[in-house]
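If you want the building blocks of each chain, they are given just below.
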Amino acid sequence: MYKITLIPGDGIGPEVTNAARKVIEATGIKIDWDIVNAGLDVYKEKGVLVPDEVYESLEKNKIALKGPITTPIGKGFRSINVSLRKKYNLFSNVRPIKSIPGTSNPFKNVDLVIFRENTEGLYSGIENKPSEDSSEAIKIITKVASLRIAKAAFKYAVKKNKKRIAVVHKANILKLTDGLFLDCVREVAKDYPNIILQEVIVDNMCMQLVMNPHQFEVIVTTNLYGDILSDLCAGLVGGLGLVPGANIGDDLAIFEAVHGSAPDIAGKNMANPTAIILSAAMMLNHLGETQTADLIIQAAIKTIQEGKFITRDLGGLSSTDEMTESIIENIKNL
Ligand code: ATP
């Protein structure tokens, strides 16, 4: 029996995390969920965005499945997602982008993984207002954080037998910050002579990805570029409803979809549950439950390929619940 923190989040979070729970339950894996919540709904009720019990649960269990959390726009609210990643040093944001065979997308066989630095860059949250008419944001790049994300990406490439890693940067303009990041990745690359390092400037990367994504296998980049490229890459394989993610540190890991809380479809039983279900599969892989993780992935792929019970974002008419039920049916029959 595993003890795992579950943070339902807000917007579509409660609907999709509930779907992921049901899917895991159908595999027979026993999880004692420690359910704690953060975000807008909690703020309305308790006046705090992240109650202490969330931190206590994360520190006790060291592993969590998390729904999206909305950060209210405006002064005084720091992003909860960013705060959790920084507080627990979850330095690798790992986002696998993989085509599902049989779906109609401009590209077939896209298979790449983004390693996004998760603790600094332009997400350091340091903004100033030097005058009434100007604002500034501070981008922080450190050697220690750049080296550790580079090492994580190269280790992954070796484990998965990948031949290439693309470092995405803007060092031609941001000579000190992105320059340092690039130098760190080059330094780590020296230890891996069998892996080709592709150095790509971020604007060119956007064009390359939409013209020929197959030239990339692993992408390592700074926080903001990683965030933007993740959504771009999601678009290559069918949209945000399909792309899972993990925030991994030395001591603690939080698994969550790439998508946000999608307020436009929240509470309508319309959200595609695949992204969080695949995030749950990543979590099971992390726990060493590889066969069960694979079963979940195959079941979700089958539902999408059959196309009978898919949500609107994939061109279907089914609800979140119907799509989830179909995945569960496949788990029973595979
Ligand atoms: P954030 O800034 O919080 O990361 P975002 O800007 O990426 O959020 P989302 O909330 O992810 O925005 O939503 C972007 C669009 O994608 C919305 O139109 C939303 O409805 C759609 N979308 C996101 N997730 C899903 C999902 N699981 N199923 C269907 N549509 C989704």
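Small disclaimer: the values here were computed from a predicted structure and weren't measured. (Residues numbered from 1 in each chain as written. Predicted model: local features only at pLDDT ≥ 70, side-chain atom pairs only at ≥ 80, totals over all residues. Heavy atoms only, no water.)

Here's the deal with the site of the ligand
In the vicinity of the ligand lie 13 residues, with His259, Gly260, Ala262, Asp264 and Asn272 positioned nearest. Here an oxygen atom of the ligand and a backbone polar atom of alanine 262 are 2.7 Å apart. Contact distances for the ligand include 2.9 Å between an oxygen atom and a side-chain N or O atom of aspartate 264. When the ligand is considered free in solution it has 620 Å² of accessible area, and contact with the protein chains removes 61% of it. When grouped by side-chain class, the residues that make up the shell around the ligand number 5 nonpolar, 5 polar and 3 charged. (Near = heavy atom within 4 Å. Polar contact = N/O pair within 3.5 Å; in protein donor to acceptor, adjacent residues only side chain to side chain. Areas by Shrake-Rupley, 256 points an atom, 1.4 Å probe, with all protein chains shown as cover. Nonpolar A, V, L, I, M, F, W, Y, C, P; charged D, E, K, R; others polar.)

Things to note about the nonpolar core
In terms of nonpolar packing, the biggest core is built from 61 residues, with Leu65, Phe115, Val220 and Met283 touching the most fellow members. Per-element tally for this core: the top contributor is helix H9 (residues 274-286), with 8 residues. Residue assignment places this core across two domains, with domain 1 (1-96 + 241-334) and domain 2 (106-236) each supplying three or more. If near-sequence neighbours (up to four positions away) are discounted, phenylalanine 115 is found in contact with Asn93, Val94, Ile149, Ala152, Ala153, Tyr156, Val218, Ile219, Val220 and Thr221. (Core = buried A, V, L, I, M, F, W, Y, C linked by side-chain atoms within 4.5 Å. Buried < 20%, exposed > 50% of the residue type's maximum accessible area, 1.4 Å probe, protein only. Helix = DSSP H or I, 4+ residues; strand = E, 2+ residues; numbered from the N terminus. Domains from an automatic or database assignment. Contact = heavy atoms within 4.5 Å.)

Comments concerning unusual backbone geometry
Positive phi, close to 65 degrees, is recorded for lysine 62, a residue that is not glycine. We classify lysine 62 as partly exposed; its relative accessible area is 34%. For alanine 262, which is not glycine, the phi torsion reads 40 degrees and is therefore positive. By the secondary structure assignment, alanine 262 is in the loop between strand E12 (253-255) and H9. For alanine 262, a relative accessible area of 21% puts it in the partly exposed group.

So, the packing of aromatic side chains
Applying the stated rule across the entire model yields 2 aromatic pairs. Pairing phenylalanine 115 with tyrosine 156 gives two aromatic rings, centres 5.2 Å apart and planes at 55 degrees, and the pair type is tilted. In this pair, phenylalanine 115 sits in strand E5 (residues 111-117) while tyrosine 156 sits in helix H5 (residues 143-159), placing the two residues 41 residues apart along the sequence. For phenylalanine 115, a relative accessible area of 4% translates into the label buried. Positioned above the aromatic ring of tyrosine 55 is the side chain of lysine 87, whose terminal nitrogen or guanidinium carbon lies 4.9 Å from the ring centre. Here arginine 116 stacks its cationic end above the ring of tyrosine 123, 5.2 Å away from the centre of that ring. (Phe/Tyr/Trp six-rings, centres within 6.5 Å; stacked < 30°, edge-to-face > 60°. Lys NZ or Arg CZ within 6 Å of the ring centre and 35° of its normal.)

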